[in-house]
Amino acid sequence: TAEYRVLTSVVDTLEGDDWSRPTDCIGWSVRDMVAHLAGAAECATSKTAMARHYGYAWRMSLRGSSTFVDHLSASQVRARASLGAREIVADLARWAAEAPAKGEAWPPLLRRLPLPTSTGLPRGATLAYFVDVIATRDVWMHRVDLARALGSQREVTVAEPEVVRQVVRDLDLHWQGPALELTLEGEGGGSWRVGVGEPVAHVTEDAVSFLRLLSGRSDECSLRSDGDPAAAESLRAARVVF
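One structure accompanies this document, and this report is about it. The structure presented is a predicted model; accordingly, all values stated were derived computationally and were not measured.

Here we look at the pairing of strand β1 (residues 180–185)
Next up, step 1: Direction of pairing for β1 relative to strand β2 (residues 190–194): antiparallel, over a ladder of five bridges. Opposite L180, over in β2, you have V194 as the bridge partner.
Next up, step 2: Following β1, the chain reverses through four residues before pairing antiparallel with β2; G186 in that reversal takes a positive phi of roughly 90 degrees.
Next up, step 3: Here β1 runs beside strand β3 (residues 201–206); their pairing, made up of five bridges, is parallel. Across the sheet, T183 pairs through a bridge with T204, a residue of β3.

As structure tokens, this is what we get:
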């Protein structure tokens, strides 16, 4: 709720050339990104919209071209291609106001529905994981993208520590490298042990920069390391779904 509140307030201020600015997501302008976010909020709110967009993404991913998430995002953007700027603002505001509560209120049986690994999600991921976890961290990351594209200051919400913790949790659940101590600095930061066994290194990085690295957006991290340098290199190669 906090992430959507700030997102809608930022989008409401967009004007003129802001909409055409390029973002860190290759091929996406600010307009494309906002259209995707509106579509994702709609999917969390409407079972009909979810079935339509998920069905398309599932069919296309079976053909082996791009991933499920890529096709899902493309479908959401394409569905809003004819909307004007103010219409997209209103569309996002409409769905964002309902998405957190509606997603949480989905029937338990539907929320426990397992999603296949062909979606690009971790093995064992459920629809609830996609709606509750991925959707929230996606809004957070795209707010970082928008701030960078617009050259503006990003407001930090109360959700930031939880987003960071969940990302580190997912990193640890699927970690195959040597055990290490990870310290993330800045808003939402903290210290964690990643991997099993005695840590071979202590790695330090800015929290936002590290999450951008894990998302595949950038490799700007220095990953300051005390100990075995292989630990930092394993982190640099790691990816977490956003």
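Next comes the rest of the account.
Some points on the side chain of R154
Next up, step 1: With respect to the secondary-structure elements, R154 resides in the loop between α8 (127–150) and α9 (160–173).
Next up, step 2: When sequence neighbours within four positions are dropped, the list of residues in contact with R154 reads W140, R143, V144, A147, E160 and V208.

What to know about the environment of E205
Next up, step 1: Mapped onto the secondary structure, E205 falls in strand β3.
Next up, step 2: When sequence neighbours within four positions are dropped, the list of residues in contact with E205 reads T183, L184, E185, F210, C221, S222, L223 and R224.
Next up, step 3: From its side chain, E205 meets the backbone nitrogen of L223 in a polar contact 2.8 Å long.

A short note on the layout of surface pockets
Next up, step 1: In this model, the largest pocket occupies a volume close to 760 Å³.
Next up, step 2: Taken together, 34 residues form the lining of the largest pocket, with V69, D70, S73, D138 and F242 sitting closest to its centre.
Next up, step 3: Residue assignment for the lining of the largest pocket shows that the elements contributing at least two residues are α2 (30–45), α3 (47–62), α4 (68–78) and α8.
Next up, step 4: Broken down by element, the residue count for the lining of the largest pocket peaks at seven residues, all from α8.
Next up, step 5: Looking at side-chain class alone, the lining of the largest pocket contains 21 nonpolar, nine polar and four charged residues.
Next up, step 6: In this structure, the second largest pocket spans a volume of roughly 280 Å³.
Next up, step 7: As for the second largest pocket, its lining consists of 15 residues, of which T1, P100, V131, D132 and T136 are closest to the centre.
Next up, step 8: Elements with a minimum of two residues in the lining of the second largest pocket: α1 (2–11), α6 (99–104) and α8.
Next up, step 9: Its residues assigned to classes, the lining of the second largest pocket comprises nine nonpolar, two polar and four charged.

Things to note about helix α5 (residues 85–96)
Next up, step 1: The end-to-end C-alpha distance of α5, which contains twelve residues, comes to 17 Å, matching closely the 16 Å that a straight helix rising 1.5 Å per residue would cover.
Next up, step 2: The set of residues buried in α5 consists of I88, V89, D91, L92, W95 and A96. Seen from one end, α5 has its buried residues packed into an arc of 165 degrees, which puts them on one side.
Next up, step 3: Summarising the contacts, the buried residues of α5 are in contact with α1, α2 and α6.

Quick look at the packing of aromatic side chains
Next up, step 1: What the rule picks out here adds up to two aromatic pairs.
Next up, step 2: Judged by centre distance (5.5 Å) and plane angle (80 degrees), the rings of Y54 and F68 are edge-to-face. Of this pair, Y54 sits in helix α3 while F68 is found in helix α4, placing the two residues 14 residues apart along the sequence. With respect to burial, Y54 and F68 carry one shared label: buried.
Next up, step 3: Summarising the aromatic geometry, the rings of Y54 and F130 are spaced 5.6 Å apart at their centres and angled 85 degrees between planes, so their arrangement reads as edge-to-face. Residue Y54 is found in helix α3, and its partner F130 is found in helix α8; the two are separated by 76 residues along the sequence. We note that Y54, like F130, is buried.
Next up, step 4: Members of the aromatic cluster, connected to one another through ring pairs, are Y54, F68 and F130.
Next up, step 5: R78 extends its terminal NZ or CZ atom over the ring of Y56, reaching a point 4.7 Å from the ring centre.
Next up, step 6: The ring of F242 carries the charged tip of R137 above its face, separated from the ring centre by 5.6 Å.

So, how was this worked out
- Residues numbered from 1 in each chain as written.
- Predicted model: local features only at pLDDT ≥ 70, side-chain atom pairs only at ≥ 80, totals over all residues.
- Heavy atoms only, no water.
- Pairing = 2+ DSSP bridges.
- Helix = DSSP H or I, 4+ residues; strand = E, 2+ residues; numbered from the N terminus.
- Contact = heavy atoms within 4.5 Å.
- Polar contact = N/O pair within 3.5 Å; in protein donor to acceptor, adjacent residues only side chain to side chain.
- 1 Å grid on protein atoms, 1.4 Å probe; cavity = no way out; pocket = protein on both sides within 12 Å on 5 of 7 lines; lining within 4 Å.
- Points joined across faces, edges and corners; volume = space filled by probe spheres on them.
- Nonpolar A, V, L, I, M, F, W, Y, C, P; charged D, E, K, R; others polar.
- Expected span 1.5 Å × (residues − 1).
- Buried < 20%, exposed > 50% of the residue type's maximum accessible area, 1.4 Å probe, protein only.
- Arc of directions from axis to C-beta.
- Phe/Tyr/Trp six-rings, centres within 6.5 Å; stacked < 30°, edge-to-face > 60°.
- Lys NZ or Arg CZ within 6 Å of the ring centre and 35° of its normal.

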